[in-house]
Amino acid sequence: MDLFDYMRETAKETEAPLASRMRPVSLDQVAGQQHIIGKDKLLYRAIKADKLSSVIFYGPPGTGKTTLAKVIANTTSAEFRQINATSAGKKDMEEVIREAKELRGMYGRKTILFIDEIHRFNKGQQDYLLPFVEDGTVILIGATTENPYFEVNQALLSRSVIFELKPLTGEEVKEIIRRAISDPDKGMGSFHAEIDEDALDFLADLSGGDARAALNALELGVLTTERSSDGVIHITMDVASECIQKRTVNYDKRGDNHYDIISAFIKSMRGSDPDAAVYYLAKMLYAGEDVKFIARRIMICASEDVGNADPMALTVAVSAAQAVERIGMPESAIILSQAVTYVACAPKSNSAVNAVSAASQAVRQYHATVPAHLRDAHYKGAKNLGHGTGYKYAHDYPGHYVSQQYLPDEIKDARFYEPGDLGYEKQIKEYLKKLREQ
């Protein structure tokens, strides 16, 4: 490292954002994630023993993926190289691999390659790494906010241990904020700032488990707030609310969290919990989910999980879908809320699902033909073939019903639709029973 590199690194340490300066340098300083770095856990033991194999850190932003990589860099005897997949290309990886081969061949020294945002690498870039991970030329540490099972090659996954990082708790975020505001070397201690307890709670709550978001808000508050007459910068509730105006929502419309939220949304409607259903609706809307996508899921639930127990549920859902296309946000939130709460509160039945599933099974199992009396008798020569002969027109009989065979001979006694006992379907069940007894 020459003088200019040294000056650049020194400036980076002092001028970097607070969240970067406050990164822990040892495992003991890391907040949260005890399920993977507790003293009896595999990752803790591997880092302490400097026996790390290839790993992938997966979790929401601000939970410590890069932090753990930096801790490993400070504790390992191996050469540590870092690249970011958003800006690095194959040439950068080739340079790392060349140096790793030289270190391994000349000095027997390992190289750890940390790739931030590894999901940004395309298949070809990931494939390039594979043989060098497999033969131990590099030990890979990948960090990603996306589900690695979707975004990382299966070959790389099979050679790596995946560790999922959880959002930090409110108490863990508060501890990080307290440490940052009092640390005179890396934090804001030299500014003589204090944070009110309610402001501390507010920042920890609205950060959504993202330590980086909380520290960015704290730094903004300290740097932009005038000193009081006592010479102290007071971070009050008003200051905190200005610095973090919108809650950080862990929601990515392309990632697995998207599927988790929509799954919880549907299961809440199915489970007749309107409060939970409308909460997940609000979370999706807050994160900018497409209202047409939400409306489609409500329509499916109205048919799949309510069905004929309340036929109006599908009508409400379809009307809501049409309305949101014509109106748009923010008013669409009200329309979707009406549909969601209606479907959630409606009596439930999945008889329609079971009916078509059982009928589909029969279609696959039997080569059945339409009974002759049900066949079309209008085309030329059809009557000579017996088509339509013996058909009984239901409206010619009392109650507009007459008993006759409609199913093919092979499955003439089959029962596919079995109505439930809730809502309107109870009436359907009684009606069908009466018809079948005639």
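In this numbering scheme, every chain counts its residues from 1 along its sequence in written order. Under the rules for a predicted model, residues below a pLDDT of 70 receive no local features and side-chain atom pairs below 80 are neither given nor counted, while totals for whole chains, interfaces and linings still include all residues. In computing side-chain values, all of the structure's heavy atoms are included and hydrogens and water are not.

## Considerations on the side chain of lysine 174
We count a stretch as a helix when DSSP gives it H or I for four or more residues in a row; a strand needs E for two or more, and each element gets its number in order from the N terminus. Note that lysine 174 resides in helix H10 (residues 170–182). Look at lysine 174 and you get buried, because its relative accessible area is 11%. Residue contacts for lysine 174: discarding those within four places in its chain leaves Leu200, Asp201 and Ala204. Exposed residues in this analysis have more than 50% of their type's maximum accessible area, buried residues have under 20%, and partly exposed residues fall in between, with area computed by a 1.4 Å probe over protein chains only. Two residues qualify as a contact provided that any one of their heavy atoms is within 4.5 Å of a heavy atom in the partner residue.

## As for the packing of helix H16 (residues 291–306) against helix H17 (residues 312–327)
Note on geometry: axes are C-alpha line fits, over the in-contact stretch for helices, and angles between N-to-C directions span 0 to 180 degrees. It is the contact of H16 with H17, at a shortest axis distance of 8 Å, that shows an interaxial angle of 170°. In terms of orientation, H16 and H17 fall into the roughly antiparallel class. In this structure, H16 contributes Val291, Lys292, Ala295, Ile298, Met299, Ala302, Ser303 and Val306 to the contact, and H17 contributes Ala313, Leu314, Ala317, Val318, Ala321, Val324 and Glu325. Split by residue class, the contact of H16 with H17 holds 12 nonpolar, one polar and two charged. The labels follow the angle: roughly parallel below 35 degrees, roughly antiparallel above 145, roughly perpendicular from 65 to 115, and oblique for the rest. Ten residues, namely Ala, Val, Leu, Ile, Met, Phe, Trp, Tyr, Cys and Pro, are considered nonpolar, four, namely Asp, Glu, Lys and Arg, are considered charged, and the remaining ones, Gly among them, are considered polar.

## Concerning the packing of H17 against helix H18 (residues 332–345)
Across the interface, H17 lies against H18 with an axial gap of 9 Å and an inter-helix angle of 170°. Between H17 and H18, the angle falls in the class roughly antiparallel. In this structure, H17 uses Met312, Ala313, Val316, Ala320, Ala323, Val324 and Ile327 to contact H18, whose residues at the interface are Ser332, Ile335, Leu336, Ala339, Tyr342 and Val343. Of the residues contributing to the contact of H17 with H18, the split by class is 12 nonpolar, one polar and no charged.

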